[in-house]
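The residues making up each chain are set out below.
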Amino acid sequence: VLINSLEPDHLDYFGTKDRYHAAYQKFIEKIPADGHLILFARDQQHLDLTKVRGEVHIMEDPDTSRKLYQLRIPGKHNQRNAYAAEQVASVLGVFPEAIKCGLENFNGTWRRFEYKGSVNGAKVYDDYGHHPTEIKATIQGARELYPDQNLVVVFQPHQYSRTAFFLDEFATAFKGASDVWITPIYKVRDSQADVQKVSSEDLVTRINQQQNAELISMEEAAKRINSNSGPSDVYLVMGAGNINGIFSKLFLNL
């Protein structure tokens, strides 16, 4: 078992951070005696590791200010992910040379900074990120590849409850983007009380205190990308709802 992060999420279900961590505690206590638990040192404070029957491996958070690996995918978070993958492979007895080869030839995965194509010379990417930390990490990675381009993030908030809970974090999560386009919140598992707590307009207002943001429909976003983009533009489409439906409306001029 690899625990890559214990940062709370899905609090519409768990309710509190303590209950979220308790779910992980219950899970790790199911690891058999011949099993292994691998986690970062920063997360051990949330768990009682004395109750784990298997072997526990604590990873110190790597220095991602420098590149640990020559990866094909950008971002400090992917350097950290690669380090964690290396630890898992080592526990499984994979040879170091094979680990290095595997990491350096990995091309990424579906909906994680996935390159979708070009519109009028503009690069368009798709990403599943819907948590503030994910958004920050992906934008940082995009800026590694495109430090000087006009980077537009098209973000669909996922759940009213998550948007309300992380509103402060979302307000500062888009640092590094040139512009932020916010679509209506994607409703799933939300109660009427959740819906009344927050709106996409609230999120736009908060982001505008830091940088340029506006409320936009998916259809209008696609129209702008198709008609107003150029080689100096990079579009990062983000969200866990149906925002990737935008791609059926793009590339119409190809």
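Predicted, not measured: the structure shown is a model, and the values here were computed from it.

The rules behind the values
Residues numbered from 1 in each chain as written. Predicted model: local features only at pLDDT ≥ 70, side-chain atom pairs only at ≥ 80, totals over all residues. Heavy atoms only, no water. 1 Å grid on protein atoms, 1.4 Å probe; cavity = no way out; pocket = protein on both sides within 12 Å on 5 of 7 lines; lining within 4 Å. Points joined across faces, edges and corners; volume = space filled by probe spheres on them. Helix = DSSP H or I, 4+ residues; strand = E, 2+ residues; numbered from the N terminus. Nonpolar A, V, L, I, M, F, W, Y, C, P; charged D, E, K, R; others polar. Core = buried A, V, L, I, M, F, W, Y, C linked by side-chain atoms within 4.5 Å. Buried < 20%, exposed > 50% of the residue type's maximum accessible area, 1.4 Å probe, protein only. Contact = heavy atoms within 4.5 Å. Salt bridge = Lys/Arg side-chain N within 4 Å of Asp/Glu carboxyl O.

## A few points about the layout of surface pockets
- Taken as a whole, the largest pocket encloses approximately 1200 Å³ of empty space.
- Asn4, His77, Asn81, Glu134 and Ala137 are the residues nearest the centre of the largest pocket, which is lined by 39 residues in total.
- Looking at the lining of the largest pocket element by element, the count peaks at eight residues for helix α5 (residues 132-145).
- Partitioning the lining of the largest pocket into residue classes produces 15 nonpolar, 15 polar and nine charged.

## Comments concerning the nonpolar core
- Membership of the largest hydrophobic core comes to 27 residues, with the highest contact counts inside it found for Ile135, Ile139, Val153, Phe155, Phe174, Ile182 and Leu236.
- Those elements that provide at least two residues to this core are α5, β6 (150-155), α7 (167-172), β7 (179-182), α9 (200-207) and β9 (233-238).
- When near neighbours in sequence (up to four residues on either side) are disregarded, Val153 contacts Ile139, Phe174, Ala177, Asp179, Val180, Trp181, Leu236 and Met238.
- Within the second largest apolar cluster, 18 residues are counted, among which are Val154, Met218, Ile243 and Phe251.

## Observations concerning the pattern of salt bridges
- The full count for this structure, using the stated rule, is 13 salt bridges.
- Here Glu104 and Lys100 are joined by a salt bridge, their closest N and O atoms 3.1 Å apart. Taken as a pair, Glu104 and Lys100 lie in helix α4 (residues 96-104) at a separation of four residues, close to a single helical turn.
- Judged by its relative accessible area of 48%, Lys100 is partly exposed.
- The residue Arg111 makes a salt bridge to Asp126 at a minimum N-O spacing of 2.9 Å. Residue Arg111 is found in the loop between α4 and β4 (114-119), and its partner Asp126 is found in strand β5 (residues 122-127); the two are separated by 15 residues along the sequence.
- On the basis of relative accessible area, Asp126 is assigned to the buried category, the value being 1%.
- One network of salt bridges, in which partners are shared, links Arg42, Asp43, Asp61 and Arg80.

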